[in-house]
Structures are given as structure tokens and as C-alpha cells.
Amino acid sequence: MSTIVYFSHQGETLLEGRYQQVSFGNTEVVAKTIAKKLNYDLIKLIPEEPYAIDYQTTLARAKLELQDDSLPEISPGKHNFQADDEIFLGYPIWWGTLPMVIKTFLKQVDLSGKKLYPFCTHEGSGFGRSLQDLSKLLPETEIQKGLAIRGSRVTCAQCAVDNWLCQKIQTNKLGGHENGNKR
């Protein structure tokens, strides 16, 4: 079994250098695209204390959480991750890495021995240092090749998602790992 887990911020966001209101966060758009393509379960991580709609306020909170290494509480999910072989993990890049909401999730769930397919949205930083941070947090998880999509391009990212998923399918058919080993 496989599951898509993601955190996404909705409200005001930065797209191509301008603040804009969005009904769905950029990462949510990508997560739903993947879920539709693969027909996998979709789990949205929801912080118990919601982030502000205002982008600058959200970034200020995210910076403090990162500096203090504080883990925001998230609403408990009812999914049994023990049954999953693969997890797709989606998040926006905040301050050059994954949001602390993702770290909270990773501290609560044992992903040892599973394949993790990271995907992120950003406005120019790609994965930042999030892949290195994931490797430190998940030493017993096989972190596979990820997908980074510029937030301002999520609505036209179907081709990038399709190509990424084709690479995953080809790698699995060959019985190898895209990266050749654990990261």
C-alpha cells in the first residue's frame, strides 16, 4: 500500500514575487494531482493551531518554530502507516527546509524500512536543505528521488508530475532504487 501525506498552507502566498490569495495551498494542488493519478489515500497534516492567512505572519511563526526546534501539535490521523510500503511526503519549503509540522509528523510515525518519495513546492530554492534534513530524521528510510515544483507553476505541473511518477514506476519495475542506496 501507498499513501500521500502532505502539509500545505492556504491563504496568502508569494507567487512570482507578489502576494496572492489562494484557496488551496500549492503543495495541496500537487498532492491532489498525484493522488488522482495513482488513486492513493491522501492525508493532510493539520496543525492544531492554524497558521495565519497572512503570509508574513506565517513565515515569522515558521522561523521561530525552526529556531526553537519547536514541534507544532498536529491533529492525530487515523491512518495505519504500518501497512504502507511507500509514503509520498509533500511540503512547502519554508526558510530553506521542510516546515516543522512535517518534523512533528515524522517524530510520531515510524517509517523505517519504507520508501519515501518527497515532493515540495518553492519559489526558487528547490528542495533547499530539506532532503538532507529528511535523511537525518529518517536514517532507516529509503529516500527516493523527489520532485520540486515552483509554487507559481503548480497549476501546469501535470507533465512534471507524470515524468516523476514514470521514473518511479520504471525504477520499481527494474527492482532497483533511483538513488542506488539509502540517503
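Above this note sits the structure.
Residues numbered from 1 in each chain as written. Predicted model: local features only at pLDDT ≥ 70, side-chain atom pairs only at ≥ 80, totals over all residues. Heavy atoms only, no water.

> Go over the pairing of strand β1 (residues 2-6), please, and point to the residues and values.
For β1, a buried count of 5 out of 5 residues is recorded, marking the element as mostly surrounded by other parts of the structure. Here β1 shows no split at all, with S2, I4 and Y6 on one side and T3 and V5 on the other all buried. Pairing of β1 with strand β5 (residues 86-92) involves 5 bridges; the strand directions are parallel. Within β5, the residue paired with V5 across the bridge is L89. Relative to strand β4 (residues 41-44), β1 is paired through 4 bridges, and the arrangement is parallel. Bridged to I4 within β4 is L42. (Buried < 20%, exposed > 50% of the residue type's maximum accessible area, 1.4 Å probe, protein only. Helix = DSSP H or I, 4+ residues; strand = E, 2+ residues; numbered from the N terminus. Pairing = 2+ DSSP bridges.)

> So what about the pattern of salt bridges? Which residues, and what values?
For the structure on display, the rule yields 9 salt bridges. Note that E28 and K44 form a salt bridge whose closest N and O atoms lie 3.2 Å from each other. Here K44 lies in strand β4 and E28 lies in helix α1 (residues 26-38), a separation of 16 residues in the sequence. Judged by its relative accessible area of 30%, K44 is partly exposed. A salt bridge links E49 to R61; the nearest nitrogen and oxygen atoms lie 4.0 Å apart. Of this pair, E49 sits in the loop between β4 and α2 (55-68) while R61 sits in helix α2, and the two are 12 residues apart along the sequence. Judged by relative accessible area, which is 18%, R61 ranks as buried. Among the charged side chains, a network of salt bridges with common partners joins E28, K32 and K44. (Salt bridge = Lys/Arg side-chain N within 4 Å of Asp/Glu carboxyl O.)

> Just give me the short version of the nonpolar core, but keep the residues and values in it.
Counting residues in each nonpolar core, the largest one holds 29 residues, and the members touching the most others are L89, Y91, F105 and L134. Elements with a minimum of two residues in this core: α2, β5, α3 (100-108), β6 (115-122) and α4 (130-137). By residue number, the principal contributor to this core is α3, which donates 4 residues. The next biggest cluster of nonpolar side chains, apart from the first, holds 17 residues, and it includes A35, V154, A157 and V161. (Core = buried A, V, L, I, M, F, W, Y, C linked by side-chain atoms within 4.5 Å.)

> Quick rundown of α4? Include the residues and the values.
Within the span of α4, buried status applies to S130, L131, D133, L134 and S135. In this structure, the buried side of α4 is in contact with β5, α3, β6 and β7 (142-143). (Contact = heavy atoms within 4.5 Å.)

> Any chance you could break down the side chain of T13 for me, citing the residues and the numbers?
Topologically, T13 is positioned in strand β2 (residues 11-15). Using a relative accessible area of 10% as the deciding quantity, one classes T13 as buried. Those residues in contact with T13 that lie beyond four places of it in its chain are R18, Y19, Q20, V22, N26 and Y55.

> Can you break down the packing of aromatic side chains residue by residue, with the values?
Per the stated rule, a full pass over the model turns up 10 aromatic pairs. Plain terms: the ring middles of Y117 and W164 are 6.4 Å apart, the flat faces sit at 75° to each other, and that makes the pair edge-to-face. Placement of Y117 in strand β6 and of W164 in helix α5 (residues 158-174) is noted, with a sequence separation of 47 residues between them. Like W164, Y117 is buried. The structure contains a cluster of three or more aromatic residues connected by ring pairs, namely Y40, F88, Y117, F119 and W164. R61 extends its terminal NZ or CZ atom over the ring of Y51, reaching a point 3.7 Å from the ring centre. The ring of W95 carries the charged tip of K63 above its face, separated from the ring centre by 4.8 Å. (Phe/Tyr/Trp six-rings, centres within 6.5 Å; stacked < 30°, edge-to-face > 60°. Lys NZ or Arg CZ within 6 Å of the ring centre and 35° of its normal.)

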